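Residues per chain, in single letters:
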Amino acid sequence: MISPTALYALLLLAAPLATIFAYSFLTDGYLTVDPIPTFSNYTEAWTNEVYRVVMLRSLGVSMSVTAATVILAFPIAYYVSFYVEPSRKSLWLFLITIPFWTSYLIRVFLWKVILGFNGVVNSGLMGLGVIDEPLTFILYNTNAIVITLAHAYAPFAILPIFVALEKIDRSFLEAGKDLGETGFVTFVRVTLPLAMPGVISAVMIVFIPVIGDYVTPHLVGGPEGKMVANLVQVLYLKLDNYPLGSALAVSSMILVGMVLVVAAMQLAIFGVVFKRVAPATPLLLAILTAFAAAQALLVVIVALWLTTGNAVITVGLGAVMHIGALLLLRKKGVMA
Amino acid sequence: MTGGWFRIYAYGFLLFLYAPILLLPIFAFNDGAIVAFPLAGFTTKWFDQLWVEPALHQALKNSLIIAVAASILSTCLGIFAARASTRYTFPLKGGLIGMIMLPLVLPEIILAIALLVVLLGIGIPLSIYTVILGHVLVCTPFSIAVLTAAFQSLDKSLEEAAYDLGETPASTFRLIILPLVTPGIISSLLMTFTISLDEFLMAFFLAGTQPTLPVYIFSQFRFPKSVPVVLALGTVLVVASIILLTIAEYFRRRGIAKTGGKDTGGFL
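Computed from a predicted structure; not experimentally measured.

Observations concerning the overall build of chain A
A count of helical and extended segments in chain A gives 15 helices and two strands. Relative to its full complement of 336 residues, chain A shows a buried share of 41%. If you take every contact in chain A between residues at least 6 apart in sequence, the share linking residues at least 24 apart comes to 69%.

Below, the structure is given as structure tokens:
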């Protein structure tokens, strides 16, 4: 039954993606792509200052967008799930999704109107006398990109979190209250952990596509706000350098993958440490300890990078140390 | 009043979500060539200009052809996948479904260049047909999401009753299953139509010399004097898509009510 759809995806998705991957190892010739295998596209993508700056900027933008979107989305999902009457929930979800369905290009362009020199924000604030001169830090830079993308991806973050919150058995929360916990403690100990699957899928569904966004950096990013997709477009359609364009696209996905792996490791360490210290320590202290333990991994990775300057050693040793730490903590947890 | 601060935050957030859409008609009816405050007075001349732009009409025609084709094709593919994933188990099921749903998270630029390279490599000229191929890829996961909900709420015993009464699998599908999932199918058609109509990047890479409506809009942003016309066009598009989505939502709810399910959420 699934065969036609799977076949379609295989032919028009898997095969092209494999082709891109293969292209990224080929040599670019004049008007042709020569079948000479090479790593030089990746060397170029990771060492050339131009590409490196753009890739790191893209990564920074998508991390900020993800953080902003998920943090802004959580209270909305929480409100709709916990406070809105069941009969009105689908109306709320409908209202939240409508803006997403209206022309993306025009929405992005209107953010330019809102944030611009004579825009809504500036004329509003000047009219109120809050500022004397128009603010210039909100258009044609990465701030504008983050605001616009946080707006565009809001429904993608709200819906998975909402679904996870809806699944929470409300009697758990009552149990927490009956046992004398405050609302906040119940939220941190019960609601938040149970909502994590939704938060994680929200992070994935925002973080991965945002790094490859083309329209927003093009329209509101200005010359200093170009992202990976803009470079890929130029390399593909203007410079006709398919191998380097492919290598950049693949590199951005590798970057995304690495960040997600580090985030997953941090989450795992946080969870293990929190479970171990939580029974004996006050809540806030337990959170801080677990958070510090999770950050220790990041410090190790950065230190490895700075001392060796070698990506392979950094990734390899970082992963080994992480797994070791996790196993050790788990084991002690069992013994205790 | 329930929710306290959450409620205030929720309404504030809705305002943030709707801010661009609320501004759109303000500038579309504004009698000034520059899109900025202060406003210059009321006019409908930007809307009148929509009637006399041949390039716009051609782009709209291309977009409509693409959207109709892409919505029908992706909904058909969606029916196969949703039926298979809700009723049967087979080897590699998770992997295959994951692959089909991949365009939902993968950046569109990667899908676009991947298709471009392969199509050019095979030697297929870029046209609205290549855009249709790309749009089907993007739309199918959304179609599957809607249709899986529709198929999941089907009661299996209805099907079994039909078999017991001597119906063949084909006639059971036509007489029992199809009528029950029809609202889901209509909802999927409308949704994928809307997505295809709005999709920019695939069309930008794959359309060749036959621009779609978003590609046309994108090209017009370069000329400040044509921006008000684009905003008028945007107003029309927003109104049209809200109408389409309201119809889609109506059918989705009716479908759930028909199969006796509980309404658990929105489109995604």
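Brief notes about the overall build of chain B
From N to C terminus, chain B includes 11 helices and zero strands. Considering only C-alpha atoms, chain B reaches an extent of 70 × 65 × 30 Å along its principal axes. Counting the 268 residues in chain B, one finds 46% classified as buried.

Some details on the domain arrangement of chain B
Residues and elements named next belong to chain B. Under the domain assignment used here, chain B contains domain 1 (1-43) and domain 2 (45-258). For domain 1 and domain 2, the distance between their C-alpha centroids amounts to 29 Å. Taken together, the residues that form the side of domain 1 that touches domain 2 break down as seven nonpolar, one polar and no charged.

Let's talk about helix H1 (residues 3-23) of chain A
Residues and elements named next belong to chain A. With 21 residues, H1 extends 28 Å between its outermost C-alpha atoms, agreeing within 8% with the 30 Å of an ideal straight helix rising 1.5 Å per residue. The largest bend in H1 is about 35°, located at Leu10. Listing the buried residues of H1 in full gives Thr5, Ala6, Tyr8, Ala9, Leu12, Leu13, Pro16, Leu17, Ile20 and Tyr23.

Let's talk about the nonpolar core
A:Ile161, A:Val206 and B:Ile113 are the most contacted members of the largest nonpolar core, which totals 166 residues. The element that contributes the greatest number of residues to this core is helix H6 (residues 128-152) of chain B, accounting for 15 residues. Residues lining this core come from more than one domain, with at least three contributed by each of domain 1 (1-43) and domain 2 (45-258) of chain B. If we ignore the near neighbours within four places in the chain, the residues touching A:Ile161 are A:Ala73, A:Phe74, A:Ala77, A:Ala195, A:Gly198, A:Val199 and A:Ala202. Within the second largest apolar cluster, nine residues are counted, among which are A:Met265, A:Ile269, A:Val272 and A:Ala286.

Structural notes on the interface of chain B and chain A
Taken together, the contact pairs 67 residues of chain B with 68 residues of chain A. Within the side of chain B that touches chain A, the residues separate by chemical class into 51 nonpolar, 10 polar and six charged.

Examining helix H3 (residues 49-82) of chain A
Relative to the 50 Å expected for 34 residues at 1.5 Å per residue, H3(A) spans 49 Å between its end C-alpha atoms, a close match to the ideal helical length. Roughly 25° is the biggest bend found in H3(A), and it falls at A:Ala73, with proline A:Pro75 one to four residues downstream.

Description of the environment of A:Met227
All names here are of chain A. Structurally, Met227 can be placed in the loop between helix H11 (215-220) and helix H12 (228-238). C-alpha separation for the pair Met227 and Val61, spaced 166 residues apart in sequence, amounts to 8.8 Å. Ignoring anything within four residues of it in the chain, the contact list for Met227 reads Val54, Arg57, Ser58, Val61, Asp213, Pro217 and Gly221.

Here's the deal with the packing of H3(A) against helix H13 (residues 242-277) of chain A
Residues and elements named next belong to chain A. For the pair H3 and H13, the least separation of the axes is 11 Å and the interaxial angle reads 45°. On the basis of the axis angle, H3 is oblique to H13. Considering only the axes of H3 and H13, their crossing is right-handed. From H3, Tyr51, Met55, Ser58 and Leu59 reach across to H13, where they touch Leu248, Ser251, Ser252, Leu255 and Val259. Along the lines of polarity and charge, the residues of the contact of H3 with H13 split into six nonpolar, three polar and no charged.

Some details on the environment of B:Val105
On the secondary structure map, B:Val105 appears in the loop between helix H4 (93-101) and helix H5 (108-122). Taking the number of C-beta atoms within 10 Å as the measure of exposure, B:Val105 has 16 and is therefore partly exposed. Those residues in contact with B:Val105, other than ones at most four positions away along the chain, are A:Met204, A:Ile205, A:Ile208 and A:Pro209.

Observations concerning the packing of helix H5 (residues 104-115) of chain A against helix H7 (residues 142-152) of chain A
Residues and elements named next belong to chain A. Two elements in contact, H5 and H7, have axes separated by 10 Å at closest approach and are oriented at 135°. Relative to H7, H5 is oriented oblique. Crossing angle aside, the handedness with which H5 passes H7 is right-handed. Facing H5, whose interface residues are Tyr104, Arg107, Val108, Trp111 and Leu115, H7 presents Ala144, Ile147, Thr148, His151 and Ala152. Classifying every residue of the contact of H5 with H7 gives seven nonpolar, two polar and one charged.

What counts as what
Residues numbered from 1 in each chain as written. Chains lettered and ligands numbered in written order. Predicted model: local features only at pLDDT ≥ 70, side-chain atom pairs only at ≥ 80, totals over all residues. Helix = DSSP H or I, 4+ residues; strand = E, 2+ residues; numbered from the N terminus. Buried ≥ 20, exposed ≤ 12 C-beta atoms within 10 Å, placed from the backbone. Contact = placed C-beta atoms within 7 Å. Domains from an automatic or database assignment. Nonpolar A, V, L, I, M, F, W, Y, C, P; charged D, E, K, R; others polar. Expected span 1.5 Å × (residues − 1). Bend = angle between axes of the 7 residues up to and from the residue. Core = buried A, V, L, I, M, F, W, Y, C linked by C-beta atoms within 7 Å. Axes fitted to C-alpha atoms, helices over the stretch in contact; angles between N-to-C directions. Parallel < 35°, antiparallel > 145°, perpendicular 65-115°, else oblique. Left-handed = near helix turned anticlockwise from the far one by under 90°.

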